[in-house]
4 protein chains.
Amino acid sequence: MPLSPEQKAEIESQRAGGERTLRAVSPGMEARLYTAHEVLDHGFVRVIDYMGDDAAICQAARVSYGRGTRSVQNDEGLIRYLMRHWHSTPFEMCEVKFHVKLPVFVARQWIRHRMANVNEYSARYSILDREFYIPAPEQLAAQSTQNNQGRGDVLQGEEAQRVLDLLRDDAMRSYDHYEAMLSQDGQQGLARELARMNLPANIYTQWYWKTDLHNLLHFLRLRADAHAQYEIRVYAEVMCEIVADWVPAAFAAFRDYRMDAVSLSAQGAAALKRRLAGEVVTQENSGMGAREWREFQEVWG
Amino acid sequence: MPLSPEQKAEIESQRAGGERTLRAVSPGMEARLYTAHEVLDHGFVRVIDYMGDDAAICQAARVSYGRGTRSVQNDEGLIRYLMRHWHSTPFEMCEVKFHVKLPVFVARQWIRHRMANVNEYSARYSILDREFYIPAPEQLAAQSTQNNQGRGDVLQGEEAQRVLDLLRDDAMRSYDHYEAMLSQDGQQGLARELARMNLPANIYTQWYWKTDLHNLLHFLRLRADAHAQYEIRVYAEVMCEIVADWVPAAFAAFRDYRMDAVSLSAQGAAALKRRLAGEVVTQENSGMGAREWREFQEVWG
Amino acid sequence: MPLSPEQKAEIESQRAGGERTLRAVSPGMEARLYTAHEVLDHGFVRVIDYMGDDAAICQAARVSYGRGTRSVQNDEGLIRYLMRHWHSTPFEMCEVKFHVKLPVFVARQWIRHRMANVNEYSARYSILDREFYIPAPEQLAAQSTQNNQGRGDVLQGEEAQRVLDLLRDDAMRSYDHYEAMLSQDGQQGLARELARMNLPANIYTQWYWKTDLHNLLHFLRLRADAHAQYEIRVYAEVMCEIVADWVPAAFAAFRDYRMDAVSLSAQGAAALKRRLAGEVVTQENSGMGAREWREFQEVWG
Amino acid sequence: MPLSPEQKAEIESQRAGGERTLRAVSPGMEARLYTAHEVLDHGFVRVIDYMGDDAAICQAARVSYGRGTRSVQNDEGLIRYLMRHWHSTPFEMCEVKFHVKLPVFVARQWIRHRMANVNEYSARYSILDREFYIPAPEQLAAQSTQNNQGRGDVLQGEEAQRVLDLLRDDAMRSYDHYEAMLSQDGQQGLARELARMNLPANIYTQWYWKTDLHNLLHFLRLRADAHAQYEIRVYAEVMCEIVADWVPAAFAAFRDYRMDAVSLSAQGAAALKRRLAGEVVTQENSGMGAREWREFQEVWG
């Protein structure tokens, strides 16, 4: 339950408003504004503001005076061309601001994307809420035996229960002690900036996060990817749906030329050309290392 | 005359529109949107889009769920506090996109501000218009004798006329030859990306330029300053007026704590304290160098 | 004890080396290279590499072909001028790379400085060590009653002991359970990327952090400041000493024009001018708010 | 002839020096330091300073205490893995500073790469030299008829001569008038910041340009590409040779996974899979537009 009744009421009152603007308006994004899209057990993503739409990308690429009389089809073709040829500046002309509630260990990965503006809830200044991420049973995975930074089988039975108990108990105890240290009941109360150090990385924090469309797509490319940790991927997936509603043409081009695209190394491209010419290519004669060959085969058989 | 009738018509049609939005709306900015504010002889600045307002700064600083019930007065106090104590991230939560027409030598100074998104009209791809900046007579200044990068007295009479004639004639001849090289009349026509190299730095270019409020204020602090070159300062001054309408509280704080503020070095602060205590401070006993002492005296007598 | 014997041996072997280079060499920095400067109970800062020196700042500002025949005195004067007039690009021409070991809650503040390059030890990929920051008794401060993000009196006696016990016990228990969840002893062992969420914010992490001198000085200005949290300030203070050895002229200018400088708002400057003219200025006739007036009085009496 | 005898002497004296350092040293880069690599008719690129080598990339990726005992082969494998999987931060750990002399229209493209530090020779402060880029006859290309931003056939005979004469005459005349306006011979002399506006875009400027290896490779990927304008590509090509000497393993990985790599869209990858399965794929059944199909055929036949 990510939102209190008061918070829900605030969001409803924001959605009930509406004023006239001369700016570009994206109907798909207006339908999303302010609403909290739930993620994990207590987290959410909501759009607070946005600037621009598909037409704004084209307008900037053309440095034009108005929104022009070009057809939507022309705009789509231009957007696909820009994406295919790695033009980045027109996509930077759209901007979006999110309000995100997320576990601290997810925030620590997320913040590595530097081309963004961030205001985080301050545990130096304020007291954090008692809200922790506890994985759903189907997410309680063992360490992968092949991949140092991956997950293997889902834990079962007693083993799963033991992990859940440890996570839940330690979170509650840490928070009890956080409160006990802060308390001014018969004592002075430890400084907030010190007490917070007792809180584990699955506590929830929240922030305003603002970035441009080019950098957002780069973030989504890495974080909506199958190799990203599940707990950040679910945020990225919700944001993909939002972007698809906001700038449908840009998102479609992104999907085709980035998310679902395949990058071939010089060796990989040569191997495919030889295969197309009927040759049998093996790791030995491909010029690829063992690991790269395995990755190549996963895609091309 | 910066705009053609067709361009004016496009702008009028943009201003005639209007749709409902749930986003924060700044009335002062809506009144500015799309309109070309004329600068120099053929240049302009116009706002194409914006995101956020004074309340959005506070909302981000508080990481709050709604726009809250805080009074405007509270918001102003918070904004002044944030500005005074060099908080930058809340101001990054507002964004603005300009369409600017400007001489190339001004563009070359402007682009040094890297924290911005830019799409410039491409002289590789398209043909530039025959529009050059020719200074107004009262801007035709001699080299300063004190300051290597400053202006002295305004040139008069024949000397002024000679300079204006040179600038105008060279501009026209360069453009004639640019056209002659490009022409496909009885010849192949030189590539645009080569022909453009003949054009002088006072030709006009244009771009879409987008940045956040924090970085915009930094730009304005340096470029609306008396030490900035006149030809970029006039752009910055128009943008100051626009920002004052967009986020009045943030701009007032910026004026008081940045533009009209005074920075004292350790030595300068010590000198003032001694003066307040009745002491006479000279360069010799101030710890300042000759040049710094002169700069100190210009402010404090 | 921040370093193991093996790590100390590695550092000694690095310091024992030495090769010829044609690059600019800073003797003060060579003396610091690789050595771990201890900070807090288990942390450290050590310089891994650097580029440039005071002369390099001047050389870039002059865009010169060689290191020139200018005297050191000329260089110092130029550096002071550049710093006084907020020139930033010449200072960006020096670069430094640190290896830092620090508690996670300090890392979370530090990473907010985005103009830097970072490689952090990955708790997704590897297992963290059992090392936690436990404040020294004299740092165990109560919440400030005046300042929401500040510290008040130091806790005493039983109250202090209780806090220390809680922090230490919770850290040890969290780590025990982290190990228990990871263990493959008779079970599959939870994925590292999940198990880490049980670890509190006072666990130590480490990273390589690289930035240019301009951005480093900005970091130091904010983090070596009296308002910064003690636990990050001690890192900044050590780095100040390192920078003073690396680029003595730039650091002296930084101290005079930034660290020990005083910024006066428009209202503050006007108030001082009136005082110098013999007038009595009060909050009421100063144009300052109550809080700003208090801050003004702290400096100027 | 890009360098005067005095400048050559300064460079020779820099190369004659040499001091001991404890830092990582790249022998390939030491051999390049300070030397001017000539580009175009008056331009050059020279390395002024660098930080890091191939081993430093691995050291940062491992967040290790020393340079380790890993074999060069291990390091190469790690570097290839990092490049293949789009890890960027380890490559950011190397830094390089160039001194570049280049025509203004090339500088205007170059500066669009924002993640770099720049100090440019100031035509506000100083007087520019009489040096202009005049294309070699084999570079005097006509506008492409297929590609708005490309070159077609090389101009021949009279047409070529006419272009060369126009470029050369206009450059000389503009510079004569620049000098005439600046002159204080019997007049006050126009301010430098104004007089420079008469100079065409083929005049040479120079700057110090510093960036990290990740951003440099991104620059080289775009600017050493066949679609880049010739006049910037020749700079990028020289820089590729320098980088290959500096960090051989990183450059080899960059060549295989970026420069010579092939990116396939979702539709392109599907088309290739169908071809490998023996199917005939046409534009109509490929899901690609006409232009994309043409680009696909250029690579895959």
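What you see is a predicted model, and the numbers here were worked out from it, not measured in a lab. Position numbers for residues start from 1 in each chain and track the written sequence from start to end. A letter from A marks each chain and a number from 1 marks each ligand, given out in the order of writing. Given that the model is predicted, a residue must reach a pLDDT of at least 70 before its local features are reported, and side-chain atom pairs must reach 80 or more before they are shown or counted; all residues, however, enter totals for whole chains, interfaces and linings. To get the side-chain values, all heavy atoms of the structure are used, and hydrogens and water are removed first.

## Remarks on the overall build of chain A
- Of regular secondary structure, chain A possesses 13 helices and nine strands.
- Dimensions of chain A, computed from C-alpha atoms along their principal axes, come out at roughly 80 × 60 × 30 Å.
- Relative accessible area decides the class of each residue, using a 1.4 Å probe on protein chains only: under 20% of the type maximum gives buried, over 50% gives exposed, and in between gives partly exposed. Across the 301 residues in chain A, those meeting the buried criterion constitute 58%.
- Contacts were defined at the residue level, with two residues in contact if any of their heavy atoms lie within 4.5 Å. Once local pairs closer than 6 in sequence are excluded, the contacts in chain A between residues at least 24 apart make up 68%.
- For chain A, the exposed area adds up to about 11,800 Å²; of that, 47% sits on carbon and sulfur atoms.
- Counted as positive: Lys and Arg. Counted as negative: Asp and Glu, with His and the chain ends omitted from the count. Charge coordinates come from a single atom per side chain, which is NZ of Lys, CZ of Arg, CG of Asp or CD of Glu. Both charge centroids of chain A, one from 35 positive and one from 41 negative side chains, sit 6 Å from each other. Helix and strand labels come from DSSP, where a helix needs a run of H or I of at least four residues and a strand needs a run of E of at least two; each type is numbered from the N terminus. Computed with the Shrake-Rupley method and a 1.4 Å probe, the accessible areas treat only the protein chains shown as cover for residues.

## Examining the UniProt feature "binding site: FAD" (unreviewed entry) in chain A
Residue and element names in this part refer to chain A.
- Taking the UniProt record as the reference, the feature "binding site: FAD" (unreviewed entry) is found at T89, R112, H113, R114, E120, D212, L213, H214 and H218. Their sequence span is 130 residues, while the largest C-alpha to C-alpha distance among them is 27.4 Å; these annotated residues do not converge on one region. Considering only the annotated residues already named, the ones lining the largest cavity are R112 and E120.
- You can see H214 is positioned in helix α8 (residues 213-223).
- Residues in contact with H214, not counting those within four places in the same chain, are S88, F91 and E92.
- Of note, H218 is situated in helix α8. UniProt positions are given in the numbering used here, feature names are shortened, and annotations may be inferred rather than shown by experiment. Note on definitions: the grid is 1 Å and covers protein atoms alone; a cavity is a set of points where a 1.4 Å probe fits but cannot get out; a pocket is an open set with protein on both sides within 12 Å along at least five of seven lines; lining residues have an atom within 4 Å of a point.

## Let's talk about the relation of the copies chain B and chain D
- C-alpha atoms of residues with pLDDT of at least 70 in both copies form the basis for the least-squares superposition of the copies. Note on the identical chains: chain B maps onto chain D by a rotation of 180 degrees and an axial translation of 0.0 Å, with an RMSD of 0.0 Å. Put plainly, the chains are arranged around a two-fold axis. Proximity to the rotation axis, assessed at the C-alpha, singles out P200(B) in chain B; its C-alpha lies 1.9 Å from the axis.
- The fraction of interface residues of chain B whose copies in chain D are also interface residues reaches 98%, indicating that both copies meet through the same surface.

## Points about the domain arrangement of chain A
- Split by domain assignment, chain A resolves into domain 1 (5-133 + 202-259), domain 2 (137-199) and domain 3 (266-300).
- The straight-line distance from the C-alpha centre of domain 1 of chain A to that of domain 3 of chain A is 38 Å. For the domain bounds, the source is a domain assignment made automatically or taken from a database.

## Here's the deal with the pattern of salt bridges
- We define a salt bridge as a contact between a side-chain nitrogen of Lys or Arg and a carboxyl oxygen of Asp or Glu at a distance within 4 Å. Summed over all chains, the structure comprises 80 salt bridges over all chains.
- With its nearest N and O atoms 2.9 Å apart, the salt bridge here joins R84(C) to E295(B). Here R84(C), found in helix α4 (residues 72-84), pairs with E295(B), found in helix α13 (residues 290-300), and the two come from separate chains.
- In this structure E295(B) comes out as partly exposed when scored by relative accessible area, which is 21%.
- For E279(D), the salt bridge goes to R274(D), with nearest N and O atoms at 3.0 Å.

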